[in-house]
Amino acid sequence: MPRLSLWALRAALVYLALGAAAGATLMVARAAGAYQSFVWLIPLHIEFMLLGWTVQLAMAVSYWILPRRRSGPVRGNERLAVTAFIVINGGVLTASLAGLLETGVLATAGHGAEVLGAFTFAVSAWHRLPRSIVLRGRSLPII
């Protein structure tokens, strides 16, 4: 498994643990009748579970498992994929902080970084996607 996939998988697992802890705290607070005291955890829970856990896990697995190139760098431009990893993590942390501080400008910057990171990763992985599949001896175009 490539080093970038390992780092992204580790980051995804950290986000899973933090997001699950925030969600569990919200559930316990709701059962105890103290939900309003812990409402500030909702943005953290959403960002950590949706973007931190899910998107990073998908990125880690796809970087590892997509077909390798026959010529040039095996997985393409690794710097582009590393940049995507850094930008997405920065976006998740920025958007989470914006949810805690309730600032719209910081939230916009965080979500923009998340979109930019996802786009950057898509660009880095695009050339590795298969152009067709072979089904019963016939080549069918995908893209």
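Predicted, not measured: the structure shown is a model, and the values here were computed from it.

To continue, consider the side chain of S5. Note on placement: S5 falls in helix α1 (residues 3–32). Those residues within four positions of S5 in sequence are excluded, and the remaining contacts are A60, Y63 and W64.

Right, let's talk about unusual backbone geometry for a bit. Even without being a glycine, E102 presents a positive backbone phi close to 55°. In this fold, E102 is placed in the loop between α3 (78–101) and α4 (104–126). Looking at E102, the relative accessible area reads 71%, which means it is exposed.

Orientation of helix α2 (residues 42–65) relative to α4, taken along the N-to-C sense of each, is 15°, at an axis distance of 12 Å. As far as their axial angle goes, α4 and α2 are roughly parallel. Seen from above, α2 lies across α4 with left-handed handedness. Side by side, α2 and α4 meet where E47, L51, M59, S62 and Y63 of the first sit next to H111, E114 and F121 of the second. A breakdown of the residues in the contact of α2 with α4 according to their chemical character gives four nonpolar, two polar and two charged.

Parameters at a glance
Residues numbered from 1 in each chain as written. Predicted model: local features only at pLDDT ≥ 70, side-chain atom pairs only at ≥ 80, totals over all residues. Heavy atoms only, no water. Helix = DSSP H or I, 4+ residues; strand = E, 2+ residues; numbered from the N terminus. Contact = heavy atoms within 4.5 Å. Buried < 20%, exposed > 50% of the residue type's maximum accessible area, 1.4 Å probe, protein only. Axes fitted to C-alpha atoms, helices over the stretch in contact; angles between N-to-C directions. Parallel < 35°, antiparallel > 145°, perpendicular 65-115°, else oblique. Left-handed = near helix turned anticlockwise from the far one by under 90°. Nonpolar A, V, L, I, M, F, W, Y, C, P; charged D, E, K, R; others polar.

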